[in-house]
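# A look at the structure
These are the residues of each chain, in order.
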Amino acid sequence: MERENDRQAPAFLGKQTSLPQSPDEAVLDYVPNPRKDTLYCIRFVSPEFTSLCPVTDQPDFAHLVIDYAPGETIVESKSLKLFLGSFRNHNGFHEDVTVGIGQRLAEEMKPKWLRIGGYWYPRGGIPIDVFWQTGTPPEGLWLPDQGVAPYRGRG
């Protein structure tokens, strides 16, 4: 990878990049946290996330909300988009997909704290919401509500 001022340049930013075929093939890119001495929260929202049901191969849809307090690095947003897009042809239960995304980010990026909310749209009449976090949020971290209302149907 290119180096700029002794900092690693993002691998995908500004470059034509193909969608990875699977989450295992996807490469998440991290860049130095420009405010590493400050406690703050970063939020990514993916309202049109898709994966495949491992039983029927039918598509499943979710609204994902990822909040984290960065440590030394932050995830580069294009690489995150490519990673999330790689689930389009991936078979996985809602629980495995949601928790797996959170765990991979936490393991690789090592944030001070991270949570993910997976608000899955109903198929077969049952919506499933899946939540995971690395632990207790750091004291003093402003943490807004994820802002996704529970599924209420048509009524």
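Parameters at a glance
Residues numbered from 1 in each chain as written. Predicted model: local features only at pLDDT ≥ 70, side-chain atom pairs only at ≥ 80, totals over all residues. Heavy atoms only, no water. Buried < 20%, exposed > 50% of the residue type's maximum accessible area, 1.4 Å probe, protein only. Helix = DSSP H or I, 4+ residues; strand = E, 2+ residues; numbered from the N terminus. Contact = heavy atoms within 4.5 Å. Polar contact = N/O pair within 3.5 Å; in protein donor to acceptor, adjacent residues only side chain to side chain. 1 Å grid on protein atoms, 1.4 Å probe; cavity = no way out; pocket = protein on both sides within 12 Å on 5 of 7 lines; lining within 4 Å. Points joined across faces, edges and corners; volume = space filled by probe spheres on them. Nonpolar A, V, L, I, M, F, W, Y, C, P; charged D, E, K, R; others polar. Phe/Tyr/Trp six-rings, centres within 6.5 Å; stacked < 30°, edge-to-face > 60°.

Looking now at helix 1 (residues 77–85). Residues of helix 1 that are buried include every one of Ser-79, Leu-80, Leu-82, Phe-83, Leu-84 and Gly-85, and no others. Residues of helix 1 that are buried in the fold lie against strand 4 (42–52), strand 5 (59–69), strand 6 (73–75) and helix 2 (94–109). At the N-terminal end of helix 1, a side-chain oxygen is found 3.0 Å from the backbone nitrogen of Lys-78, two or three residues along, and the residue is Glu-76.

Unusually for a residue other than glycine, Asp-57 sits at a positive phi of about 65°. Here Asp-57 shows up in the loop between strand 4 and strand 5. For Lys-110, which is not glycine, the phi torsion reads 55° and is therefore positive. Within the element layout of this structure, Lys-110 appears in the loop between helix 2 and strand 7 (113–120). According to the relative accessible area criterion, Lys-110 is exposed, its value standing at 60%.

A few words on the layout of surface pockets. Leftover empty space is mapped by rolling, across the atoms, a probe with the size of a water molecule. In this model, the largest pocket occupies a volume close to 160 Å³. Cys-53, Pro-54, Asp-60, Gly-92, Phe-93, His-94, Glu-95, Tyr-121, Arg-123, Ile-126 and Ile-128 are the residues that line the largest pocket. Here the lining of the largest pocket is built from residues that sort into six nonpolar, two polar and three charged.

What follows is about the packing of aromatic side chains. Taken as a whole and judged by the stated rule, the model has five aromatic pairs. Note on Phe-44 and Tyr-68: the rings are 6.4 Å apart at their centroids and 15° apart in plane angle, and the pair reads as stacked. Residue Phe-44 is located in strand 4, and its partner Tyr-68 is located in strand 5; the two are separated by 24 residues in the primary sequence. The class for Tyr-68 is buried, based on a relative accessible area of 1%.

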